[in-house]
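# Coordinates in review
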Amino acid sequence: MKNRMDRVNELVKRSISEIIRKELSFDLGLITINDVQVAPNLRNANVFFGVIGKDPSAEPQALKLLMDHREKIQHLMSREVILKYTPVLKFVLDTSVERGVRVLQIMDELERTHPEQFEEEEEHS
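For clarity, every value in this text was computed on a predicted model and none was experimentally measured.

## Notes on the overall build of the protein
On a plain count of helices and strands, the protein comes out with five helices and three strands. Along the chain direction, N to C, the helices and strands of the protein fall in the order α-β-β-α-α-β-α-α. Counting every position in the protein, which comprises 125 residues, the buried fraction comes to 28%. Contacts spanning at least 24 positions in sequence make up 60% of the contacts within the protein whose residues lie at least 6 apart.

Right, here's the structure in full:
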């Protein structure tokens, strides 16, 4: 069952990504679909997205754009991915990429400010 849901999630993710790329214009950055979690009953799906761009105000605007076009995206997706039910899409801003970048920045900063600790750890490895 898990493998089947993984395949469904990936198919829906690819389909939504392509639909957004072709059908929606967003001048403030690039909308990326990071993950999709379709419910086992296929009735709902959480679509985790991010925005790559310069403007921090782009994220709420991207969410509004996606929500305004949700039905169109669902309809187009249902024509590409044939499932028993067409899941109702719920778009969720995914900040995991930004958090990961921030963790890497903190690690770099620690390495610059306390290089002796990192040298000791490398010697023990």
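## Things to note about helix α3 (residues 70-80)
Residues of α3 that are buried include every one of Arg 70, Ile 73, Gln 74, Leu 76 and Met 77, and no others. Summarising the contacts, the buried residues of α3 are in contact with α1 (2-23), α2 (58-68) and β3 (88-93).

## Re the pattern of salt bridges
According to the stated counting rule, one finds six salt bridges in the structure shown. Here Glu 71 makes a salt bridge to Arg 70, at a shortest N to O gap of 4.0 Å.

## Quick look at the sheet that holds strand β1 (residues 30-38)
Here three strands make up an open sheet; going across it, the order is β1-β2-β3 and the pairing mixed. Strand pairing shows two members of the sheet lacking a second neighbour, β1 and β3, which therefore form its edges. Averaged over neighbouring strand pairs, the angle between their axes works out to 30° when direction is ignored. Each of β1, β2 (44-52) and β3 is contacted by α2, which is oriented at about 140° to β2, the strand it contacts most.

## Thoughts on unusual backbone geometry
We note that Leu 42 has phi near 65°; this positive angle belongs to a residue other than glycine. Secondary-structure assignment places Leu 42 in the loop between β1 and β2. Judged by its relative accessible area of 5%, Leu 42 is buried.

Calculation criteria
- Residues numbered from 1 in each chain as written.
- Predicted model: local features only at pLDDT ≥ 70, side-chain atom pairs only at ≥ 80, totals over all residues.
- Heavy atoms only, no water.
- Helix = DSSP H or I, 4+ residues; strand = E, 2+ residues; numbered from the N terminus.
- Buried < 20%, exposed > 50% of the residue type's maximum accessible area, 1.4 Å probe, protein only.
- Contact = heavy atoms within 4.5 Å.
- Salt bridge = Lys/Arg side-chain N within 4 Å of Asp/Glu carboxyl O.
- Pairing = 2+ DSSP bridges.
- Axes fitted to C-alpha atoms, helices over the stretch in contact; angles between N-to-C directions.

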